[in-house]
Amino acid sequence: MPTTKRILGLLCIALLVSSVSATNEKFQLWYPEFGFIFDTILHTNCTAEYAAYLAGKKSAQYVHIYQFTGAVWTNQLAEPVVNCILKSTSTYVQASMASAGVLLGLTPTILAAVGSSAEETAMLFILSKRPLLAVFLAGGSPAVSPMRSFEDQDPIGLLEKRPGRRSPPRLSNKVQLAIMVLEYIIALAAVANVVTVAYDLGMQVSSSFAPETTYLPLLWAVLNLAIHTSGAVALYLRVQVNSQLPCNTPFDYLRIHFNPVPMQRPHSIEVLPETYWFIAVSWLTSTLTVCHGLYATLAFSSMLFISVKDSLRVISRFMASVICCRVILMYELAALRDSFNFKPESEVEMQGHAVELSNISHKGSDAATRTRTKEILLEGGHIKCTTRG
């Protein structure tokens, strides 16, 4: 948790610094297809409006002059420039911008369908004890798959073996370490790609409802981390994970971070009864997911000065990051699931013992005191899952 909070704090500080420093940096960079058209109009037909924008001096009189074109106090410098450029733009270019707005408005929903949910990232965060990788994957996949309120899935049920599901191949320790390093490299590249695309969007387009801002796409990417953190907190309130690996020093904490799941020693997972805090945080996570999607749809559908071709390039770059992060997360969850269900061949004959331990035992007559213990034999030990309630 501390690592996530520090990362979120640094990203928020960087976002605020970027938004403050980019006050009068709009209308200098454009996307390539129509960029030369907008730049020519800006320096030919809109010199007065652009000079006032660069001066950066707001006044009530300026608002009064442009109030009938949509100017208010916050956008009184940028709105006249946007309106002037649109007046001199051909109908064909405006139609292309409108089509691009439709594509971009659908982008958050499409990315959410391809991306991961907060519950899946939370499993990597809490059960696999890989919060750093989980943060990188969340940052590289800015859209969150929605979840229904008050309908949380059983974390142990997600790990149970499904008939017909293919298990990941058995790999040596060196190969697993190489894959882990590759995962971090790809995840960092995905984060860098998302930040770059979001920053370029903020600088090269204008929003119809907030043309003076440059941080709207970047804010969408950063707020995504809060949703995944909330999902991890909800799972933390639902399960208790005890590992045989020591975690008393910063070195021990880093060793768990960079230790592949198949190489970790067996640990126990205990499912705790639902609490009001868990229900509240789970509901908060689902609500934040919906609000995040609404904000993204509003921000992306209102973008101006971008063509269909340029918007497709933007969408494809976002999609590439989301798919890469999704593949890494699915591999990690498959490794966790395989470790959860794995039985060495030399111990297959002891399967009856494991089934016997899966029986429900009653302690007293109160249903609240029922416990279910399930031991699954593993190489070098076992995972013990206990469900209370």
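Being a predicted model, the structure only gives us computed values, none of them experimental.

## A closer look at the packing of helix α8 (residues 131–140) against helix α10 (residues 173–204)
Across the interface, α8 lies against α10 with an axial gap of 7 Å and an inter-helix angle of 35°. Taken as a pair, α8 and α10 cross one another with a handedness that is left-handed. Between α8 and α10, the residues in contact are L132, L133, F136, L137, G139 and G140 and E183, Y184, A187, L188, A190, V191 and V194, respectively. For the contact of α8 with α10, a count of residues per class yields 10 nonpolar, 2 polar and 1 charged.

## Considerations on a nonpolar patch on the surface
Where nonpolar side chains cluster on the molecular surface, the patch consists of V102, L106 and I110 and spans about 260 Å² of accessible area. For L106, the location among the structural elements is in helix α6 (residues 91–114).

## Brief notes about helix α5 (residues 78–87)
Burial of α5 is extensive: 7 of the 10 residues sit out of reach of the surface. Where α5 is concerned, the buried positions are A78, E79, P80, V81, V82, C84 and I85.

## Thoughts on the nonpolar core
Core analysis: the largest hydrophobic core is formed by 27 residues, its most contacted members being I126, L127, L137, L235 and V239. Mapped onto this core, the elements with two or more residues apiece are α7 (118–126), α8, α10, α11 (216–236), β2 (239–243) and α14 (308–341). Per-element tally for this core: the top contributor is α8, with 6 residues. In this structure, Y31, A100, L111 and I315 belong to the second largest nonpolar core, which totals 25 residues.

## So, helix α3 (residues 47–55)
Every buried residue of α3 is accounted for by E49, Y50 and Y53. Around the axis of α3, the buried residues are gathered within 95° of arc, so they sit on the same side. Within two residues after α3, G56 carries a phi angle of roughly 70°, on the positive side.

## Observations concerning the environment of Y331
On the secondary structure map, Y331 appears in helix α14. In this structure Y331 comes out as partly exposed when scored by relative accessible area, which is 28%. Sequence separation between Y331 and E183 is 148 residues; the distance between their C-alpha atoms is 9.9 Å. Setting aside chain neighbours within four positions, we find Y331 in contact with L171, I179 and E183.

## Structural notes on the side chain of S286
Among the structural elements, S286 can be located in helix α13 (residues 276–301). Overall, the relative accessible area of 1% leaves S286 in the buried class. Side-chain polar atoms of S286 contact the backbone oxygen of W283, separated by 2.8 Å.

## Side note on the side chain of S321
Mapped onto the fold, S321 is located in helix α14. Discounting residues that sit within four places of it in the chain, S321 has contacts with G140, A190, N193 and V194.

## Digging into the packing of aromatic side chains
Tallying each qualifying case throughout the model produces 11 aromatic pairs. Aromatic pair Y50 and Y53: ring centres 6.3 Å apart, planes at 15°, arrangement stacked. Remark: Y53 and Y50 occur in helix α3; sequence separation between them is 3 residues, near one turn of the helix. Pairing W220 with F300 gives two aromatic rings, centres 4.9 Å apart and planes at 75°, and the pair type is edge-to-face. On the criterion of sequence distance, the pair formed by W220 in helix α11 and F300 in helix α13 is long-range, its members being 80 residues apart. For the pair shown, W220 and F300 are each scored as buried. Within the aromatic cluster, the residues linked to one another by ring pairs are F27, W30, F34, F38, Y50, Y53 and F305. When the ring centre of F278 is taken as reference, the NZ or CZ atom of R238 above it lies at 5.6 Å.

Basis of the calculations
- Residues numbered from 1 in each chain as written.
- Predicted model: local features only at pLDDT ≥ 70, side-chain atom pairs only at ≥ 80, totals over all residues.
- Heavy atoms only, no water.
- Axes fitted to C-alpha atoms, helices over the stretch in contact; angles between N-to-C directions.
- Helix = DSSP H or I, 4+ residues; strand = E, 2+ residues; numbered from the N terminus.
- Left-handed = near helix turned anticlockwise from the far one by under 90°.
- Contact = heavy atoms within 4.5 Å.
- Nonpolar A, V, L, I, M, F, W, Y, C, P; charged D, E, K, R; others polar.
- Patch = residues over 30% accessible without salt bridge, like charges linked within 9 Å, V, L, I, M, F, W, Y side chains within 5 Å.
- Areas by Shrake-Rupley, 256 points an atom, 1.4 Å probe, with all protein chains shown as cover.
- Salt bridge = Lys/Arg side-chain N within 4 Å of Asp/Glu carboxyl O.
- Buried < 20%, exposed > 50% of the residue type's maximum accessible area, 1.4 Å probe, protein only.
- Core = buried A, V, L, I, M, F, W, Y, C linked by side-chain atoms within 4.5 Å.
- Arc of directions from axis to C-beta.
- Polar contact = N/O pair within 3.5 Å; in protein donor to acceptor, adjacent residues only side chain to side chain.
- Phe/Tyr/Trp six-rings, centres within 6.5 Å; stacked < 30°, edge-to-face > 60°.
- Lys NZ or Arg CZ within 6 Å of the ring centre and 35° of its normal.

Remember that the coordinates give geometry; whether it matters functionally is a separate question.
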